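Now for the letters of each chain:
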Amino acid sequence: MKMVFRWYGEGNDTVTLKQIRQIPGVEGIVWMLHDVPAGEEWPMDKMMAYKRLSEQSGLHLEVVESVNVHEDIKLGLPSRDRYIENYKKTIAKLASVGVKTICYNFMPVFDWARTDLYKEMEDGSTALFFEKAKIRDIDPMELVRQIADNPDFTMPGWEPERLGRLSELFDAYRGVTEDDLRSNLRYFLEQVVPVAEHYDIKMGIHPDDPPFSIFGLPRIVKNRDDIRRILDFVDSPSNGVTLCSGSLGANPDNDIAAMVKEFAGRIPFAHIRNVKVYDNGDFIETSHRTQDGSVDIAGIVRAYAETGFTGYARPDHGRHIWDEKCRPGYGLYDRALGIMYLWGVWDSVMREKKAIAEGSGR
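Residues numbered from 1 in each chain as written. Predicted model: local features only at pLDDT ≥ 70, side-chain atom pairs only at ≥ 80, totals over all residues. Heavy atoms only, no water.

Because each turn of an α-helix spans 3.6 residues, side chains separated by three or four positions in sequence point in the same direction. Taken as a whole, helix H8 (residues 166-173) has its buried residues at Leu166, Leu169, Phe170 and Tyr173. What you see down the axis of H8 is that its buried residues fit within an arc of 100 degrees, all on one side. (Buried < 20%, exposed > 50% of the residue type's maximum accessible area, 1.4 Å probe, protein only. Helix = DSSP H or I, 4+ residues; strand = E, 2+ residues; numbered from the N terminus. Arc of directions from axis to C-beta.)

The structure is reproduced here in structure tokens:
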């Protein structure tokens, strides 16, 4: 397991590269160009600026999250081919600066949704929260105001150019079924995966967050069956999944440890975080500790260790603790604590495996 840490760039993150470098076992940053609109080819000069920063800090930049997929590709419009060509060119450029894995998603309109960015917990910390009843009644534009109206930080998945077309996008998706969206994803993968394979880059689709429909929009990366189907679209090691325990874990029916075992070899990137799911369907993001949420984080990490996982992992979201002022879900302290919990489980399993191997005489 290669531990990495998401970083939003100079002037756009309260966490510094120096601080990331001091978290035990972290070897790289997870980055993207936040100011490049979805569908546009990424400029080489901006990529090189990140490369220089990573080299100076002693952290690699082998994981990108995300190269956003233009809505015209998701909708299957005639204009999609132009945007797919830009995506292919971006893949080639990313390979030239050392990128090995690209995380992306295929969620219509919204990349993720929460109803409260700073829900207070019993211990006084705050965290991202999803209230299921509220999402049924809220106007999408009101949700936009709550999430995107944040002058201090960019909010990935809630880019102004996309949200400015919100009404237009909802109209465009009217009548689009899951099968339609699936077909459009397949078309996209059949075009880009051969390019990624040529450059030895692994593509990892991120599950829907949350893993069920909101505002009547189709969702196609919700569970084991969805992921299995997507991996079958193009049978290539470059067509993989970014297995996110937090996104999938918002549905208690998802057995993520079983998915780790089934999709071993097709998981280039793991997001490992915990959520507490309530009986009414609400959920809140907790510490990474298994006992604090509804997701068996220890069992998931054990599954990765036992299957010989050599991909990248990050602690994903964390709570806001110790009065830290930070981007929602992306502070330093709780994510660093999460990393140490993940390493603790990993090291314990690896010690067990070593002891068993030595005891058997191998």
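An order of S1-S2-S3-S4-S7-S8-S9-S12 is seen for the 8 strands of this closed barrel, with the pairing classed as parallel. Put simply, the sheet's adjacent strands are angled 30 degrees from each other on average, direction ignored. The sheet contact formed by strand S3 (residues 60-65) and strand S4 (residues 101-104) spans 3 bridges and is parallel. When the sheet's bridge partners are listed, valine 64 is paired in S4 with isoleucine 102. Helix H10 (residues 224-233) rests against strand S7 (202-205) and strand S8 (239-244) of the sheet, and its axis sits at about 155 degrees to S8. (Pairing = 2+ DSSP bridges. Axes fitted to C-alpha atoms, helices over the stretch in contact; angles between N-to-C directions. Contact = heavy atoms within 4.5 Å.)

Using the criterion set out here, one finds 14 aromatic pairs in the structure. Measuring from centroid to centroid gives 5.4 Å for tryptophan 322 and tyrosine 333, while their planes differ by 45 degrees, and the two rings are tilted. With tryptophan 322 in the loop between strand S12 (312-314) and helix H14 (333-359) and tyrosine 333 in helix H14, the pair connects residues that are 11 residues apart, well separated along the chain. Among the aromatic side chains, those forming a connected cluster through ring pairs are Trp7, Trp31, Trp42 and Tyr50. Sitting over the ring of tyrosine 187, arginine 80 keeps its end group 3.5 Å from the ring centre. Over the face of the ring belonging to tyrosine 8 we find arginine 327, whose NZ or CZ atom lies 3.8 Å from the ring centre. (Phe/Tyr/Trp six-rings, centres within 6.5 Å; stacked < 30°, edge-to-face > 60°. Lys NZ or Arg CZ within 6 Å of the ring centre and 35° of its normal.)

Attention now goes to the pairing of strand S5 (residues 116-120). Sheet topology places S5 next to strand S6 (residues 126-130); 3 bridges connect them, and they run antiparallel. Note on S6: the bridge partner recorded for lysine 119 is alanine 127. What sits between the antiparallel neighbours S5 and S6 is a turn of 5 residues, in which glycine 124 has the positive phi angle 95 degrees.

Here we come to the environment of methionine 107. Take methionine 107: it is sitting in the loop between S4 and S5. Exposure remark for methionine 107: the relative accessible area of 2% places this residue in the buried category. Between the C-alpha atom of methionine 107 and that of glutamate 85, which follows or precedes it by 22 residues, the distance is 20 Å. Setting aside residues no more than four positions away along its own chain, methionine 107 makes contact with Glu71, Lys74, Trp112, His206, Pro207, Asp208, Asp209 and Arg219.

Our focus in this paragraph is the sheet that holds S5. With antiparallel pairing, 4 strands are arranged side by side in an open sheet as S5-S6-S11-S10. The open sheet has two edge strands with one neighbour each: S5 and strand S10 (275-277). Across the sheet, the axes of successive neighbouring strands diverge by a mean angle of 35 degrees, strand direction being ignored. Two elements, S10 and strand S11 (residues 283-285), share 3 bridges in a ladder whose sense is antiparallel. Note that in S11 the partner of valine 275 across the bridge is glutamate 285.

This next bit is on the pairing of S8. Burial within S8 is extensive, with 6 of its 6 residues counted as buried. The side-chain alternation of S8 yields two buried faces, one formed by Asn239, Val241 and Leu243 and the other by Gly240, Thr242 and Cys244. Where S7 lies against S8, 3 bridges are found, and the strand directions are parallel. Within S8, the position partnered with glycine 204 by the bridge is glycine 240. Where the polypeptide runs from S7 across H10 and back to S8, its parallel neighbour, the crossover connection is right-handed. Sheet topology places S8 next to strand S9 (residues 269-271); 3 bridges connect them, and they run parallel. (Right-handed = clockwise from strand over helix to strand, strands pointing away.)

In this structure, Trp31, Trp42, Tyr87, Leu185, Phe188, Leu243 and Tyr304 are the most contacted members of the largest nonpolar core, which totals 101 residues. By residue number, the principal contributor to this core is helix H9 (residues 178-198), which donates 8 residues. Excluding residues that lie within four positions of it along the chain, tyrosine 304 makes contacts with Leu243, Val260, Ile267, Ala270, Ile272, Phe309 and Trp346. Formed by 6 residues, the second largest nonpolar core is a distinct cluster that contains Val4, Val30, Cys103 and Tyr312. (Core = buried A, V, L, I, M, F, W, Y, C linked by side-chain atoms within 4.5 Å.)

Turning to the packing of H9 against H10, a few remarks are in order. Their axes nearest at 9 Å, the elements H9 and H10 cross at an angle of 40 degrees. Handedness of the crossing formed by H9 with H10: right-handed. Contacts from Arg182, Leu185, Arg186 and Leu189 of H9 reach H10 at Asp226, Arg229, Ile230 and Phe233. Its residues assigned to classes, the contact of H9 with H10 shows 4 nonpolar, no polar and 4 charged. (Left-handed = near helix turned anticlockwise from the far one by under 90°. Nonpolar A, V, L, I, M, F, W, Y, C, P; charged D, E, K, R; others polar.)

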